[in-house]
Amino acid sequence: MMLLVDFGNTRTKWLAVSDSDADAWAVSGENSLNQEWRACGYELSAIQIVEQISKDLPSSSTPIVVASVKPSVSEPIVDILREKYRVHCVVSESAFEGLVNAYSDPTAMGIDRWLAMIAGYRRSQGQSFIVVDCGTAITLDAVLETGQHMGGFILPGLNKQLNALLSNTEQVHSGQIRPEVSVELGQNTQTCVFNGIVTQIVALVEKISRQLSANGFPKVILTGGDGELIKDLLIKEISEESENITYVPLLVFEGLLTNALKELKKM
Ligand SMILES: Nc1ncnc2c1ncn2[C@@H]1O[C@H](COP(=O)(O)OP(=O)(O)OP(=O)(O)O)[C@@H](O)[C@H]1O
Ligand SMILES: CC(C)(CO)[C@@H](O)C(=O)NCCC(=O)O
Ligand SMILES: [K+]
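Residues numbered from 1 in each chain as written. Chains lettered and ligands numbered in written order. Predicted model: local features only at pLDDT ≥ 70, side-chain atom pairs only at ≥ 80, totals over all residues. Heavy atoms only, no water.

As annotated in an unreviewed UniProt entry, the chain carries the name Type III pantothenate kinase and comes from Pleionea litopenaei. Recorded in UniProt under Sequence similarities (unreviewed entry), the annotation for the chain is "Belongs to the type III pantothenate kinase family." Of the comments in the UniProt record for the chain, the one headed Function (unreviewed entry) reads "Catalyzes the phosphorylation of pantothenate (Pan), the first step in CoA biosynthesis." (UniProt positions renumbered as here; feature names shortened; annotations may be inferred.)

If you check the shell around ligand 2, you find N9, V69, Y103, A108, M109, G110, D112, R113, T139 and I154 and nothing else. At a separation of 2.9 Å, an oxygen atom of ligand 2 approaches a polar backbone atom of G110. Within the side chain of R113, an N or O atom sits 2.7 Å from an oxygen atom of ligand 2. Of all the cavities here, the one that holds ligand 2 is the largest pocket. (Near = heavy atom within 4 Å. Polar contact = N/O pair within 3.5 Å; in protein donor to acceptor, adjacent residues only side chain to side chain. 1 Å grid on protein atoms, 1.4 Å probe; cavity = no way out; pocket = protein on both sides within 12 Å on 5 of 7 lines; lining within 4 Å. Sits in = over half its atoms within 2 Å of the grid points.)

Let us look at the site of ligand 1. Around ligand 1 sit 13 residues, and of these N9, T10, R11, T136 and D226 come closest. Within the contact set of ligand 1, an oxygen atom lies 2.8 Å away from a backbone nitrogen or oxygen of G225. The protein chains hide 69% of the 610 Å² of surface that ligand 1 would expose on its own. When atoms are counted within 2 Å of each cavity's grid points, the one that captures over half of ligand 1 is the largest pocket. Among the residues making up the shell around ligand 1, the classes are represented as one nonpolar, eight polar and four charged. Each of domain 1 (2-89) and domain 2 (125-250) gives at least three residues to the shell around ligand 1. (Areas by Shrake-Rupley, 256 points an atom, 1.4 Å probe, with all protein chains shown as cover. Nonpolar A, V, L, I, M, F, W, Y, C, P; charged D, E, K, R; others polar. Domains from an automatic or database assignment.)

Have a look at this one:
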């Protein structure tokens, strides 16, 4: 067994992967990962987070593979885990198999983006692709069929955009509950706010998709808490490409597992 841990900006998520799931993944990359990941927020102390994670660690021989975009939180936790377990932390690199990072300093790239690209590269099998992670921040990264990463975008996530707007205006409000959103002009404050935020994201993804490759529409792989919403809206907008547009909630974990298996020389 192996435990994959992803320290995001808002919470820590982890997923236990059995040896049989890992072997199946190494051979085929099939969608065979157990979907039961767990998460906890940063209101907990390092010790409490270690306690939560440890519940999924049956023995001290279980390797732990860590990805973090929040070192201030993850480093003390990793130090505690290392007292008892084997912990391996992955970092962004200039290349992974045929995938080539566009950053001149790859270590400056958030590991979640690099792992999402590694997983996207495996899934897209020689087709150009775009990965869009709709989490605390929204990131978009575009990769050509050759494996060359062209670059990306980083923008505030849906909640961050909403909060920035609401906290700086007096008469803009968002209502009590999220309305049914769409890529349509709004006719009251609430739909103007929500439709405005989602429409710019859908339009951005569509723009980059249409310009990425001369060889047709790329695969578009969405992940993150708001990824499914954006996927549904994107499919309504460009229905003729719906088979190319997917939501993969475990995309970062897939990349982490792929990276870990290569490290452990199992791939
Ligand atoms: N159960 C949920 N818990 C938290 N956020 C959720 C949930 N369901 C949907 N969301 C949406 O997901 C977004 C956060 O995305 P995600 O869960 O990927 O972020 P995260 O856990 O903070 O990860 P990261 O810190 O890696 O970005 C929020 O904008 C929120 O609207
Ligand atoms: C952009 C986020 C916050 C998305 O989680 C993360 O990937 C990150 O902290 N990145 C570092 C900056 C960069 O990727 O260029
Ligand atoms: K994220």
